[in-house]
Amino acid sequence: KIKNPDGTPILYSNPRDLFKDKDPRLLASILVPFANWQSGIVEVRRGIIGGGVKYTSENFTATYGTGANSITRVGKDGPQINNESTKTGFYLKKYLDPVNKVDYYKSTNPWYVFRYAEVLLNYAEAAFELGKTADELWAVNQIRTRAGIAKIVNISRDQIRHERKVEFAFENHRWWDIRRWKIADQLLSNTQFKALHPWLMWEEGKSPAQMKYTFEIVNAPKNTRTFPSKLYYEKISSW
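Residues numbered from 1 in each chain as written. Predicted model: local features only at pLDDT ≥ 70, side-chain atom pairs only at ≥ 80, totals over all residues. Heavy atoms only, no water.

Digging into helix H3 (residues 133-147)
With 15 residues, H3 should cover 21 Å at 1.5 Å per step; its first-to-last C-alpha distance of 21 Å lies within 8% of that length. Taken together, the buried positions of H3 are Glu 136, Leu 137, Ala 139, Val 140, Asn 141, Ile 143, Arg 144 and Ala 147. Among the structural elements, helix H1 (24-29), helix H2 (116-129) and helix H4 (157-167) are those in contact with the buried residues of H3. Within two residues after H3, Gly 148 carries a phi angle of roughly 80°, on the positive side. (Helix = DSSP H or I, 4+ residues; strand = E, 2+ residues; numbered from the N terminus. Expected span 1.5 Å × (residues − 1). Buried < 20%, exposed > 50% of the residue type's maximum accessible area, 1.4 Å probe, protein only. Contact = heavy atoms within 4.5 Å.)

Here is the structure:
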């Protein structure tokens, strides 16, 4: 949660607490703001709020504060609008080596082509459509148990599809799944995607390390999608 019931922003002493007690696959697939990574942290900060005013910059070296309490306005890892840093507030973690750095645009990790989780979720989908409730629950709970999540006792088509979305994040499944389910036109028709921006709440006389953070959800820049229903069909060549 980023807001209290009365609409005021929640202040986090540790910004990682926003993601506490989430599905373990979130932190296995995505680098969230201020996640520990290799020898440091993913410092994602959109800016600083001081005296009710937002201070940000498209320059990584621009600072706020003075002396020992001076800090860059934007985190070293963004987000910035006019830069190659994150546009959403998150980074991809799946496929990355948590220990070793690799050369730019290179990776030695294998690509996931087909794994047992896909067998189970394909089976769960088929079992649901055939009305075999016990079989679909067994298959989905196999995956949830492996991920360290509580088993479920009831399931719907949407829940099975959600399991696929989470389990196969960044594995090149989602696009093809929403096409074959024929829901891409509902999900991607002039859709505006969102970003999560952390802000440091400035307190005079304190070290930035002792200050708190708040979050806001904003529109992600240059990230709209449109999927007309005609794209479900592709021409079959005559030769």
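Topic: the pattern of salt bridges
Per the stated rule, a full pass over the model turns up 19 salt bridges. With a shortest N-O distance of 3.0 Å, Asp 23 and Arg 25 are connected by a salt bridge. Take Asp 23: its relative accessible area is 25%, and that puts it in the partly exposed class. For the salt bridge of Glu 171 with Arg 115, the shortest nitrogen-to-oxygen distance reads 2.8 Å. With Glu 171 in the loop between H4 and helix H5 (174-180) and Arg 115 in the loop between strand E8 (91-92) and H2, this pair connects stretches of sequence that are 56 residues apart. On the basis of relative accessibility, which here comes to 4%, the residue Glu 171 falls in the buried class. You can call Arg 115 partly exposed: its relative accessible area is 24%. Salt bridges sharing common partners tie together Asp 23, Arg 25, Lys 94, Arg 115, Arg 144, Arg 146, Glu 163, Glu 167 and Glu 171. (Salt bridge = Lys/Arg side-chain N within 4 Å of Asp/Glu carboxyl O.)

Regarding the packing of H2 against H3
Following both chains from N to C, one finds H2 and H3 inclined at 155°, their axes separated by 8 Å at the closest point. Looking at the two axes, H2 sits roughly antiparallel to H3. In this structure, H2 meets H3 at a crossing whose hand is left-handed. The segment H2 lies against H3, with Tyr 116, Ala 117, Leu 120, Leu 121, Tyr 123, Ala 124, Ala 127 and Phe 128 engaging Asp 135, Glu 136, Trp 138, Ala 139, Val 140, Gln 142 and Ile 143. The residue inventory of the contact of H2 with H3, partitioned by class, reads 12 nonpolar, 1 polar and 2 charged. (Axes fitted to C-alpha atoms, helices over the stretch in contact; angles between N-to-C directions. Parallel < 35°, antiparallel > 145°, perpendicular 65-115°, else oblique. Left-handed = near helix turned anticlockwise from the far one by under 90°. Nonpolar A, V, L, I, M, F, W, Y, C, P; charged D, E, K, R; others polar.)

Describing unusual backbone geometry
Across the junction of Gly 78 and Pro 79, the peptide omega takes the value 0°, indicating a cis bond. On the secondary structure map, Pro 79 appears in the loop between strand E7 (71-72) and E8. Unlike most non-glycine residues, Lys 182 shows phi in positive territory, near 55°. Its relative accessible area of 44% is what places Lys 182 among the partly exposed residues.

Some remarks on the side chain of Thr 86
Note on placement: Thr 86 falls in the loop between E7 and E8. Taking the relative accessible area as the measure of exposure, Thr 86 reaches 5% and is therefore buried. Of note is the side chain of Thr 86, whose polar atom sits 3.1 Å from the backbone nitrogen of Thr 88. Thr 86 has contacts with Val 44, Asp 77, Pro 79, Gln 80 and Tyr 91, leaving out every residue within four places of it along the chain. (Polar contact = N/O pair within 3.5 Å; in protein donor to acceptor, adjacent residues only side chain to side chain.)

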